Amino acid sequence: MQYVAPGRPGSIVTVAPRYENFIGGKWVAPKEGKYRTNLTPATGQPITEVPDSTPADIELALDAAHAAKDAWGEASATDRAAVLNAIADAVEQNKEALAVAESWENGKPVRETLNADIPLVVDHFRYFAAAARSEEGRTTEIDNDTIAYHFREPLGVVGQIIPFNFPLLMAAWKLAPALAAGNCSVMKPASPTPWSILKLLEVIGNVVPAGVINVVNGPGAEIGKALATNPRIAKIGFTGETATGRLIMQYAAQNIIPSTVELGGKSPNIFFNDVMASDDSFLDKAVEGLVLYAFNKGEVCTCPSRALIQADIYEEFMQLALKRIAAIRQGNPLDTETQLGPQVSAQQQEKILSYIDIGRQEGADVLIGGERARLDGEFAGGYFVQPTVLKGDNRMRVFQEEIFGPVLAVTTFTDEADALAIANDTLYGLGAGVWTRDGNRAYRMGRGIKAGRVWTNCYHLYPAGAAFGGYKVSGIGRENHRMMLDHYSQTKNLLVSYSAKPLGLF
Amino acid sequence: MSVRERIDATPAARAAIANVRAAKGGALMFVQSAGCCAGSVPMCYPDGEFLVGDVDEILGVIDGCPFYIDKKLDAAWGNPQFTLDVEPGEPEGFSLAAGEHLRFVTRTTTPPTGCTPR
């Protein structure tokens, strides 16, 4: 089925001509009254206008967050969990509309937002509601009369800067643990995707106490910096590229506050020859596992963008995969049959195409795709790229650089040691995939790969409860797991003596 | 750090630098980024904004503005020759714009020796 584009007659998503920042539970116009146009990448046409905020708006949001932080921080775990569950319920009740809004703004196929992004948002809030509710402190009996109590205390107000590739899920990944731990957030969405999170706030704004969540849109150089350098935040969380990641850590060092940064990857997806030992459902799953590089148009930090295939099955396995890739349906992201939508922006599209050119210049073979995808009619102005596979060598730049598009770099390996060497020959260490019917080998490879997440006989699953984060330059910190409560808390130790005896030193 | 001029700039990039310098009232610096989302683009900051260290190298100085890259990143990219240019679009990360709806970009040419097949 095809959903009607947001704002058009018959659409399940309403679009106002203009949106404001969400501060202190209210819609607040940017102080300088500047706005910018937000486009859909599907057609290149405007959706609406969003604030082009300035540092003064960040200060307003921080005022609201600080006004809310004591009451929220002192709320019982039961009450906080109830709010997180209410957020989850509200999102679930509005799943279809949010899925359509996010798809239209980002370009990701609605089949993905309906089946992955939005259900995962719901799951994350419920998971962290449970984590908050079931949290227990630890006590240490130092001796008979001396007890160390450990309490978790909120940090206060945190700054959170999220990327464009999963506008709602990345918001949930950061908001859910921060709120569960009793913090208030000032969030800056990514510049290409400022609107769908405002649609999310239309849905959840009235179930969250005023000031607990504040969202300010605008340019990174202005408000991103104003937030990250602000002495009124107690932590900064960021997902994005490496230069900004270093800046974030630099600013955090200056304020002596913690930061978590997730900075991307160039994830290997490794297929051992035994995947072809039988023509069965597992082989089918493995072939799909390779094609998952096109999930979310390849705009995923963990995109399995390097396929390493054992040499003796290469021809046969790639034949199956290429057949599957050739069948990818590309087009209107709001069509539930569409598997590949447009890239998020014209500049991302250009970057991806320039990498395909670099690959050609380096001598990589283009096995399929390799061009801008030209669609007809309404979508002729969309930012589409053909699903592409480049065959080459791991030293090539297309194997080393994160392309962030539907471009797979494929190469072969001889044996397990060779596979591990190629897998680890990268600056990054965020994700990896291992496909084999040999459990012992899967375990060895999983432990040997220097990456924070090794999907074993699966890929691109993001359940709450499985820790996610990077090794090497892919970043510092973890998300998606209750250990996040540590990232968003102070530890308070009360060291208590129950003895009346003096020390006797003075 | 010894200056190896491995970067040049198009006239459009030099004009943009002059304009941004005038608007900001000070010198600028560039840092090549990589990784997730807006990776692979050069970031333009007020000079001194980004703390460079021994892990970085300077590719050259364009009209008084130094251009840095992480050494490991440079090696992974095959030590290419860089050209700074501008294109329509919005700046990413915390980068300054190259003008109204303009952004800085780098183009690279990898020398034949830069890519060593394993």
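If you're wondering where the values come from, they're calculated on a predicted model, not measured in any experiment.

The tally for this structure, following the rule as stated, stands at 0 disulfides over all chains. Of all cysteine sulfurs in the structure, the one in C303 of chain A sits closest to C458 of chain A, which takes part in no disulfide; the separation is 16 Å.

In summary, the side chains of a regular strand alternate between the two faces of the sheet. All names here are of chain A. With 5 of its 5 residues buried, strand β7 (residues 157-161) lies for the most part within the structure. Of the two faces of β7, the one holding V157, G159 and I161 and the one holding V158 and Q160 are both buried throughout. One crossover worth recording links β7 to the parallel strand β8 (residues 184-188) by way of helix α5 (residues 167-180), and it is right-handed. Bridge count between β7 and strand β10 (residues 235-239): 4 bridges; the pairing is parallel. What sits directly across from I161, in β10, is F238.

Moving on to empty space enclosed by the protein. Which parts of space are left empty comes out when a probe the size of a water molecule is rolled across the atoms. Residue and element names in this part refer to chain A. Applying the stated criterion across every chain, the model contains 5 cavities of 30 Å³ or more. Lining the largest cavity are 14 residues, with F166, M170, W173, V300 and Y462 positioned closest to its centre. Broken down by secondary-structure element, the contributors of at least two residues to the lining of the largest cavity are α4 (110-133) and α5. Looking at which element gives the most residues to the lining of the largest cavity, the answer is α5, with 3 residues.

What follows is about the packing of helix α13 (residues 416-424) of chain A against helix α14 (residues 439-448) of chain A. Residues and elements named next belong to chain A. One way to put it is that α13 packs onto α14 with a least axis distance of 10 Å and a crossing angle of 30°. Viewed along their axes, α13 and α14 adopt a mutual orientation that is roughly parallel. Along this stretch, α13 crosses α14, giving a crossing that reads as right-handed. Residue-level inspection shows E416, A419, L420 and N424 of α13 in contact with α14, the latter providing R441, R444, M445 and G448. Taken together, the residues of the contact of α13 with α14 sort by class into 3 nonpolar, 2 polar and 3 charged.

Here we come to the sheet that holds strand β22 (residues 489-497) of chain A. Residues and elements named next belong to chain A. Here we have 3 strands laid out as an open sheet, ordered β5-β6-β22, and antiparallel in their pairing. Looking at which strands have only one partner, the edges of the open sheet turn out to be β5 (138-143) and β22. Shown here is a sheet whose adjacent strand axes are inclined to one another by a mean of 25°, direction ignored. The pairing of strand β6 (residues 146-154) with β22 spans 9 bridges and is antiparallel. In the sheet register, A148 faces β22, and the bridge partner there is L495.

A cluster of nonpolar residues, L503, L505 and F506 of chain A, forms a patch on the protein surface that exposes about 530 Å² of accessible area. Note on placement: L505 of chain A falls in the segment after β22.

All names here are of chain B. When pLDDT is averaged along chain B, the result is 88, and 86% of the positions lie at 70 or above. Taking the mean pLDDT of every element in chain B, the minimum, 92, falls on strand β7 (residues 102-109) and the maximum, 97, on strand β2 (residues 28-32). Within the model, pLDDT remains below 50 along residues 112-118, and this stretch shows 12 contacts once partners closer than five positions in the same chain are excluded. Across the whole predicted complex the pTM is 0.95, and at the interface the ipTM reaches 0.91.

All names here are of chain A. In this structure, the second largest pocket occupies an estimated 660 Å³ of space. Taken together, 21 residues form the lining of the second largest pocket, with R111, E112, E288, L292 and F295 sitting closest to its centre. If you list the elements that add at least two residues to the lining of the second largest pocket, you get α4 and α9 (281-291). Top contributing element to the lining of the second largest pocket by residue count: α4, with 5 residues.

We now examine the nonpolar core. Core analysis: the largest hydrophobic core is formed by 150 residues, its most contacted members being I197, L290 and F317 of chain A. When residues of this core are assigned to their parent elements, the largest contribution, 13 residues, is made by α4 of chain A. One finds V385 of chain A together with I69, F82 and F104 of chain B within the second-largest nonpolar core, a separate group that totals 40 residues.

What follows covers the interface of chain B and chain A. Contacts between the two partners involve 41 residues from chain B, matched on the other side by 42 residues from chain A. Summing the contributions of chain B and of chain A, the shared interface buries around 3200 Å²; its carbon and sulfur component is 54%. Run the count over chain B and chain A and you get 2 salt bridges. Residues E49 of chain B and K225 of chain A are paired through a salt bridge, measuring 3.1 Å at the closest nitrogen-oxygen approach. Linking chain B with chain A are 14 residue pairs in polar contact (both at pLDDT 80 or more), by the criterion used here. Among the secondary structure elements, those contributing two or more residues to the side of chain B that touches chain A are β3 (42-46), α2 (71-76), β6 (81-88) and β7 of chain B. For the side of chain B that touches chain A, the element with the most residues is α2 of chain B, which contributes 4 residues. Residue composition of the side of chain B that touches chain A, by class: 21 nonpolar, 11 polar and 9 charged.

Quick notes on the rules
Residues numbered from 1 in each chain as written. Chains lettered and ligands numbered in written order. Predicted model: local features only at pLDDT ≥ 70, side-chain atom pairs only at ≥ 80, totals over all residues. Heavy atoms only, no water. Disulfide = S-S within 2.5 Å. Buried < 20%, exposed > 50% of the residue type's maximum accessible area, 1.4 Å probe, protein only. Helix = DSSP H or I, 4+ residues; strand = E, 2+ residues; numbered from the N terminus. Right-handed = clockwise from strand over helix to strand, strands pointing away. Pairing = 2+ DSSP bridges. 1 Å grid on protein atoms, 1.4 Å probe; cavity = no way out; pocket = protein on both sides within 12 Å on 5 of 7 lines; lining within 4 Å. Points joined across faces, edges and corners; volume = space filled by probe spheres on them. Axes fitted to C-alpha atoms, helices over the stretch in contact; angles between N-to-C directions. Parallel < 35°, antiparallel > 145°, perpendicular 65-115°, else oblique. Left-handed = near helix turned anticlockwise from the far one by under 90°. Contact = heavy atoms within 4.5 Å. Nonpolar A, V, L, I, M, F, W, Y, C, P; charged D, E, K, R; others polar. Patch = residues over 30% accessible without salt bridge, like charges linked within 9 Å, V, L, I, M, F, W, Y side chains within 5 Å. Areas by Shrake-Rupley, 256 points an atom, 1.4 Å probe, with all protein chains shown as cover. Salt bridge = Lys/Arg side-chain N within 4 Å of Asp/Glu carboxyl O. pLDDT = per-residue confidence, 0-100. Core = buried A, V, L, I, M, F, W, Y, C linked by side-chain atoms within 4.5 Å. Buried area = accessible area lost by both parts, 1.4 Å probe. Polar contact = N/O pair within 3.5 Å; in protein donor to acceptor, adjacent residues only side chain to side chain.

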